[in-house]
Amino acid sequence: MAKASSIRQFVTTSNRSNTPVLLGLLKSFKLLDESSSIEHLFQVHARLVTSGNFWDSSWAVRLLKSSSRFASSSYTVSLFRSIGKLYNANAVFKAFWVSSTHSHKALSFYFDVIRCGFVPDSYTFVSLFGCIRKIDSGEMCHGQAIKRGCDRVLAVRNSLVNMYTCCGALDLAKKVFVEMPKRDIVSWNSLIAGEVRGGDVCSARKLFDEMPERNIVSWNVMIGAYLGANNPGVSISLFREMVGSGFRGNEGSFVLLLKACGRSARLKEGRSVHGSLIRTLVCSNVVVDTALVDMYGKCKEVELARRVFDSVSRRNRVTWNVMILAHCLHGNPEDGFELFGAMIDGRLIPDEVTFVGVLCGCARSGFLSKGRSYYALMVEEFKIKPNFGHLWCMANLYSSAGFPEEAEEILKNLPEEDVTEESTKWANLLSSTRFSGNPSLGESIAKSLIEKDSLNYKYYHLLMNVYSVAGRWEDVDRVREVVKERKIGRVPGCGLVDLKMIVHDLKRGCEEEEVDKVITETSLDENVTVIY
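Residues numbered from 1 in each chain as written. Predicted model: local features only at pLDDT ≥ 70, side-chain atom pairs only at ≥ 80, totals over all residues. Heavy atoms only, no water.

(A) Representation of helix 8 (residues 106-115). Within helix 8, burial applies to Ala-106, Leu-107, Phe-109, Tyr-110, Val-113 and Ile-114. When helix 8 is viewed along its axis, its buried side chains cluster within an angular range of 160 degrees and face the same direction. Each element contacted by the buried residues of helix 8 is listed here: helix 6 (73-83), helix 7 (89-98), helix 9 (122-131) and helix 10 (135-147). In the segment just after helix 8, Gly-117 is the residue with positive phi, at about 110 degrees. (Buried < 20%, exposed > 50% of the residue type's maximum accessible area, 1.4 Å probe, protein only. Helix = DSSP H or I, 4+ residues; strand = E, 2+ residues; numbered from the N terminus. Arc of directions from axis to C-beta. Contact = heavy atoms within 4.5 Å.)

Pasting the structure below:
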């Protein structure tokens, strides 16, 4: 508030009557550093223009550099063009890096300024590499760094490792890493994060164990890796190891830990984390509060989740979604429907997750008319395309209401593009629900479809989803083997996330000893309280 009031005072004060004060502010440049949003920067910019101070070169450059902190690359580019000095181009590259929406324009801007005589340096390439997400563009930029003699700088090489992993070129990232004469903790973290991004948690853990030193980022990456592989027990165990190594953990660590407690339904440890947060965090924030609501909801302590939700001063759509899901999946669906109405009344636009929640609630309660209304609202009013989660809920709703033909028609007409990793995500979410419909319906439908068209991969995929929701992982494996033997379409485990791997294992191809180690690490003593 103090920063905003300082900016407001600067904007509204007469230039002529407060010249000494303004000159002091201008000289110290504190005002721009205090800008906490792009709107504040707009106000300062307008005041500088009307007072005639914008064309002071030091002020213009400072304004340009400050604008690069916010995700508005178009504004930064317009400032750069107003100033007209090529040596300020690095601020624009930083703005492209911060802004994920226009980062693809960074490469064309680079060649534009190069043609005008700009000489790039290591700072240029660090920001530029951070913008690249396509391998051909990445290799082009790498060549430019070599040509300009900047490729030997450690920060540039670290950015190269990160860029190649983001482009999916892990082999090239490893090559850069291996050839680095000197590595720092950022080098190791970048490659570990790349292995995690590629789904190879075993290799990531091997690198993690080989690190000469670690920081909180290193620990968070690995904790998040096991959580992403649906091994929350290992995440909790690793957090304990981190604390034993002398790290207290930051906000990100606690959010990951809360997710792990929720995924593994470890209410005791989740409460311990909550208590620690109360003791250590001065101010709550929407990310931590949302993680708390989600943890209590997944532990089926819906009343506690609602108590936290009601006490939160700031909520975003994710906060509302996790509370609605908690009511609809594990509590009283009517409370979820009421909360959905409050969300709409508050003019917060629901998304696909919101509607999965209310449709699950309808399926659990057998509210066919209400489910149809929500589905129509989703498609017609909010223009949300139905995914596997929505269709699965509707099929169960029709089945429980005594309309198996309608349920069969929905599952039979799953869209082709739904044969993706997205459907497995919803299958894992819905595996915690218990519908009143006949669980064998989906199995019989999928099998009848396979009999009619034994070469249609989509039907096998449907059958695997049916088994995954029912927790029948041996049957998932059996169907996958049939698909491999018959060489039907895309092979699960290559073009599709392996459902069982998501829930149980770390990575395909892990040695048995490594998997056994993970299972041992996951078997935590339930009587041990997490200590921070």
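Now that the structure has been shown, we can carry on.
(B) Expanded view of the packing of aromatic side chains. Within this structure, the stated rule accounts for 18 aromatic pairs. With a centroid separation of 5.2 Å and an interplanar angle of 80 degrees, the aromatic rings of Phe-309 and Trp-320 are classed as edge-to-face. Residue Phe-309 is located in helix 20 (residues 302-311), and its partner Trp-320 is located in helix 21 (residues 317-330); the two are separated by 11 residues in the primary sequence. Three or more aromatic residues joined by ring pairs form one cluster here, namely Phe-80, Phe-93, Phe-96, Phe-109, Tyr-110, Phe-111, Phe-118, Phe-125 and Phe-129. A cation over a ring is seen here: Arg-183 above Phe-177, with NZ or CZ 4.3 Å from the ring centre. (Phe/Tyr/Trp six-rings, centres within 6.5 Å; stacked < 30°, edge-to-face > 60°. Lys NZ or Arg CZ within 6 Å of the ring centre and 35° of its normal.)

(C) Spatial organisation of the pattern of salt bridges. By the definition in use, this model includes 15 salt bridges. Between Arg-306 and Asp-310 there is a salt bridge, with its nearest N and O atoms 3.0 Å apart. Of this pair, Arg-306 and Asp-310 both sit in helix 20, 4 residues apart, which is roughly one turn of that helix. (Salt bridge = Lys/Arg side-chain N within 4 Å of Asp/Glu carboxyl O.)

(D) Structural context of the side chain of Ser-127. Within the fold, Ser-127 resides in helix 9. Taking the relative accessible area as the measure of exposure, Ser-127 reaches 6% and is therefore buried. Look past the residues within four positions of Ser-127 in its chain and what remains in contact with it is Phe-93, Lys-94 and Trp-97.

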